[in-house]
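Structural features, examined
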Amino acid sequence: MVMMANYESLATELLQVNEDLAHMPTRHLLTRLSQGEPFVLNYLLHHRQAHPVDLSRRLGVSSARIAALLGRLEAKGLILRGSDPLNNRQVIVTLSPQGLEAIQAFRDRVLRAAAQMLAALGPEDAREFVRLQKKLLTR
């Protein structure tokens, strides 16, 4: 029970630190890459194409939310929607050339900002920070 109390105290501290980090411009950029339009564009960059249901599952949002999101991206000329050649009843989503350019530019901004954030930690702490985050992913 004593050990749990120590972890609860650390957890409280972690929550406060995360709240404070959320206000940092760099953290905001990193978070945007995992939400909404940037997420969809980034997903398509890595997977080349997707069905709307795949995007819905990965983002954890309804199919109606994805349909609206894809509608906005298509209106901006960032994605293309067409029939899946393997199943004409399904829609397949791909990046347009403008979408490819937009997500690459956004990723470059995020990468530069993250590199600056890590540089502020110094090489050893930066490596440790990334190592610990990877460890959390495997647990």
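Reference entry: report on the structure contained in this document.

What counts and what doesn't
- Residues numbered from 1 in each chain as written.
- Predicted model: local features only at pLDDT ≥ 70, side-chain atom pairs only at ≥ 80, totals over all residues.
- Heavy atoms only, no water.
- Salt bridge = Lys/Arg side-chain N within 4 Å of Asp/Glu carboxyl O.
- Helix = DSSP H or I, 4+ residues; strand = E, 2+ residues; numbered from the N terminus.
- Pairing = 2+ DSSP bridges.
- Axes fitted to C-alpha atoms, helices over the stretch in contact; angles between N-to-C directions.
- Parallel < 35°, antiparallel > 145°, perpendicular 65-115°, else oblique.
- Left-handed = near helix turned anticlockwise from the far one by under 90°.
- Contact = heavy atoms within 4.5 Å.
- Buried < 20%, exposed > 50% of the residue type's maximum accessible area, 1.4 Å probe, protein only.
- Core = buried A, V, L, I, M, F, W, Y, C linked by side-chain atoms within 4.5 Å.
- Patch = residues over 30% accessible without salt bridge, like charges linked within 9 Å, V, L, I, M, F, W, Y side chains within 5 Å.
- Areas by Shrake-Rupley, 256 points an atom, 1.4 Å probe, with all protein chains shown as cover.

1. Describing the pattern of salt bridges
- Going through the model one piece at a time under the given rule, you end up with five salt bridges.
- Among the ionic pairs, Arg72 bridges to Glu37, the shortest N-O distance being 3.3 Å. Taken as a pair, Arg72 in helix α5 (residues 63–75) and Glu37 in helix α3 (residues 36–47) lie far apart in primary sequence, 35 residues in all.
- The salt bridge partner of Glu37 is Lys76, with a shortest N-O separation of 2.8 Å.

2. Focus on the pairing of strand β3 (residues 87–95)
- When strand β1 (residues 49–50) meets β3, the two strands line up antiparallel, connected through two bridges. Note that in β3 the partner of Gln49 across the bridge is Thr94.
- In this sheet, β3 lies alongside strand β2 (residues 79–84) in antiparallel orientation, the contact comprising six bridges. Across the sheet, the residue bridging to Ile79 is Leu95, located in β3.

3. Observations concerning the packing of helix α2 (residues 25–32) against helix α6 (residues 97–121)
- Where α2 meets α6, the closest approach of the two axes is 9 Å, and the angle between their N-to-C directions is 140°. One way to sum up the angle between α2 and α6 is to call them oblique. α2 and α6 meet at a crossing whose hand is left-handed. Listed contacts from α6 to Thr26, Leu29, Leu30 and Arg32 of α2 are Phe106, Arg109, Val110, Ala113, Ala114 and Met117.

4. Topic: the sheet that holds β3
- If you walk across this open sheet you meet the three strands as β1-β3-β2, and the pairing is antiparallel. Two strands lie at the open edges of the sheet, namely β1 and β2, each paired on one side alone.
- α3 rests against β1, β2 and β3 of the sheet, and its axis sits at about 100° to β3.

5. As for unusual backbone geometry
- One non-glycine residue, Arg48, lies in the positive phi region at around 70°.
- Given the relative accessible area of 71%, Arg48 is considered exposed.

6. What to know about the nonpolar core
- Grouped together as the largest cluster of nonpolar side chains are 21 residues, with contacts concentrated most on Val40, Leu41, Leu44, Leu55, Leu70, Leu73 and Ile79.
- When residues in this core are grouped by element, the largest group, five residues, is from α3.

7. Topic: a nonpolar patch on the surface
- Taken together, the side chains of Leu121, Phe129 and Val130 define a hydrophobic patch exposed on the protein surface, amounting to about 210 Å² of accessible area.
- Locating Phe129 in the fold gives a position in helix α7 (residues 123–138).

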